[in-house]
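Analysis of the macromolecular model
These are the residues of each chain, in order.
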Amino acid sequence: LFLKMYIGIFGIPEIGFQIRSLYFEKITNSKLKNKKFKSILDAGSGIGAYSFWLAKKYTKANVLGGDIDRENLDLGINFAKKLNFSNVSFKYFDILSRSGEKGKYDLIVNIDILEHVDNYEKALKNFYALLAPNGYLYIHTPQPDQKRIFKSLENWAHVGHVHEGYTSSELREALEKLGFKVIVLKQTFGFFGKLAWELNHMSLKKGFIVSGLAYPFLYLICRIDLLAHNKNGLGTAILVQKI
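What you see is a predicted model, and the numbers here were worked out from it, not measured in a lab. (Residues numbered from 1 in each chain as written. Predicted model: local features only at pLDDT ≥ 70, side-chain atom pairs only at ≥ 80, totals over all residues. Heavy atoms only, no water.)

**Description of the pattern of salt bridges**
Within this structure, the stated rule accounts for 3 salt bridges. Two residues, R20 and E14, come together in a salt bridge whose shortest N-O distance is 4.0 Å. Counted as one network, the salt bridges with shared partners bring together E14, R20 and D112. (Salt bridge = Lys/Arg side-chain N within 4 Å of Asp/Glu carboxyl O.)

Right, here's the structure in full:
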């Protein structure tokens, strides 16, 4: 009961997820606020956190959560039933196989997935093909050569990453080469975001009570990251349009 109450008040107590979500919501709300999407793909949806947010924001759109993890897909399907979402569905989807209808989607969201695939350029080509003319693609991905603030995390490694990440310029160049127009490019996890993220990981090692007490303060720190003009960051958020 305590855990349910805590999450109900503060949200999921994982700073990395919260920072990615905050940038996603900020960019979406500012640049795609009045768009009337009919079909949206959350490519690499996991259990559907972003799928449900999109379905709530764009109530007239059909949102598809696609993933290769069938257990996560089952969880998403169950959540959709329990939460009474009628405009969300989930199915197996491999971003490297272009398993979808060409030119179908008005918006594709791909958050922290590219670093898990061995051929990100092929994935980007598939996204371009799946998007309708003038459709939008939102991507968030980590950057390489990440420097830590605290020495205890210097050897920390991303589990399941095929690539360490991609630089903002590398990602931008690849997208523009395909014919995308860059609408927004943001450096995420700047100093404040990185600080909050590292402290969150350190507090998690101390147990739930310590991390639970620290999290509300760390969340305030990570929100500062959105206000700062980050020249460098651990991640990249980019919104592009197919032209």
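Back to the text.
**Some details on the layout of surface pockets**
In this structure, the second largest pocket spans a volume of roughly 200 Å³. Lining the second largest pocket are 13 residues; nearest its centre among them are D145, K147, N232, G233 and L234. The residue makeup of the lining of the second largest pocket, split by class, is 4 nonpolar, 6 polar and 3 charged. (1 Å grid on protein atoms, 1.4 Å probe; cavity = no way out; pocket = protein on both sides within 12 Å on 5 of 7 lines; lining within 4 Å. Points joined across faces, edges and corners; volume = space filled by probe spheres on them. Nonpolar A, V, L, I, M, F, W, Y, C, P; charged D, E, K, R; others polar.)

**Observations regarding unusual backbone geometry**
One non-glycine residue with positive phi stands out, namely D112, at about 55°. Structurally, D112 is set in the loop between β4 (105–111) and α5 (120–130). The exposure class assigned to D112 is buried, which follows from its relative accessible area of 17%. Notably, F189 is not glycine yet its phi reads approximately 55°, a positive angle. Tracing the sequence through the fold places F189 in the loop between β6 (180–188) and α7 (191–204). (Helix = DSSP H or I, 4+ residues; strand = E, 2+ residues; numbered from the N terminus. Buried < 20%, exposed > 50% of the residue type's maximum accessible area, 1.4 Å probe, protein only.)

**Let's talk about the packing of aromatic side chains**
For the coordinates displayed, the defined rule picks out 12 aromatic pairs. Ring centres of F52 and F85 lie 5.1 Å apart, and the angle between their planes is 40°; on these two criteria the pair is classed as tilted. Here the residue F52 occupies a position in helix α3 (residues 49–57), and F85 occupies one in the loop between α4 (70–82) and β3 (88–92), the gap between them amounting to 33 residues. With a relative accessible area of 10%, F52 lands in the buried category. One aromatic cluster is present, built from ring pairs that chain together F17, F24, Y50, W53 and Y138. When the ring centre of Y58 is taken as reference, the NZ or CZ atom of K57 above it lies at 5.5 Å. The ring of Y128 carries K242 above its face, with NZ or CZ at 4.6 Å from the centroid. (Phe/Tyr/Trp six-rings, centres within 6.5 Å; stacked < 30°, edge-to-face > 60°. Lys NZ or Arg CZ within 6 Å of the ring centre and 35° of its normal.)

**Details of the nonpolar core**
Counting 37 residues, the largest nonpolar core has I15, F37, I40, L54, L107 and Y138 as its most contacted members. Counting residues per element, this core draws most heavily on helix α2 (residues 15–31), at 7 residues. Leave out the neighbours within four places in its chain, and F37 touches L32, Y58, K60, A61, D106, L107 and Y136. I108, V117, A174 and I238 belong to the second largest nonpolar core, which has 27 residues in total. (Core = buried A, V, L, I, M, F, W, Y, C linked by side-chain atoms within 4.5 Å. Contact = heavy atoms within 4.5 Å.)

**Description of the environment of N110**
When you line up the elements, N110 lands in strand β4. Note: C-alpha distance between N110 and L137 (27 residues apart in sequence) is 7.7 Å. Setting aside residues no more than four positions away along its own chain, N110 makes contact with A43, I95, F127, Y138, I139 and H140.

**Things to note about the packing of α2 against helix α8 (residues 208–227)**
In the contact formed by α2 and α8, the axes pass within 10 Å of each other and the chain directions differ by 35°. As for how α2 packs across α8, the hand of that crossing is right-handed. Side by side, α2 and α8 meet where I15, Q18, I19, L22, Y23 and K26 of the first sit next to Y215, L218, Y219, C222, R223, D225 and L226 of the second. In the contact of α2 with α8, the residues fall into 9 nonpolar, 1 polar and 3 charged. (Axes fitted to C-alpha atoms, helices over the stretch in contact; angles between N-to-C directions. Left-handed = near helix turned anticlockwise from the far one by under 90°.)

**Observations regarding the side chain of E198**
As for its position among the elements, E198 is in helix α7. In this structure, E198 is buried with no salt-bridge partner, the nearest side chain bearing the opposite charge being R148 at 4.7 Å. Of note is the side chain of E198, whose polar atom sits 3.0 Å from the backbone nitrogen of F150. The residues contacting E198, other than those within four sequence positions of it, are K147, R148, I149, F150 and L153. (Lys, Arg positive; Asp, Glu negative; His and termini not counted. Polar contact = N/O pair within 3.5 Å; in protein donor to acceptor, adjacent residues only side chain to side chain.)

**Thoughts on α7**
Each full turn of the α-helix corresponds to 3.6 residues, which orients residues three or four apart in the same direction. Spanning 14 residues, α7 covers 20 Å between terminal C-alpha atoms, matching the ideal 20 Å at 1.5 Å per step. For α7, the full list of buried residues reads G193, K194, L195, A196, W197, E198, N200, H201 and S203. In this structure, the buried side of α7 is in contact with α2 and α8. (Expected span 1.5 Å × (residues − 1).)

Geometry only, nothing functional implied.
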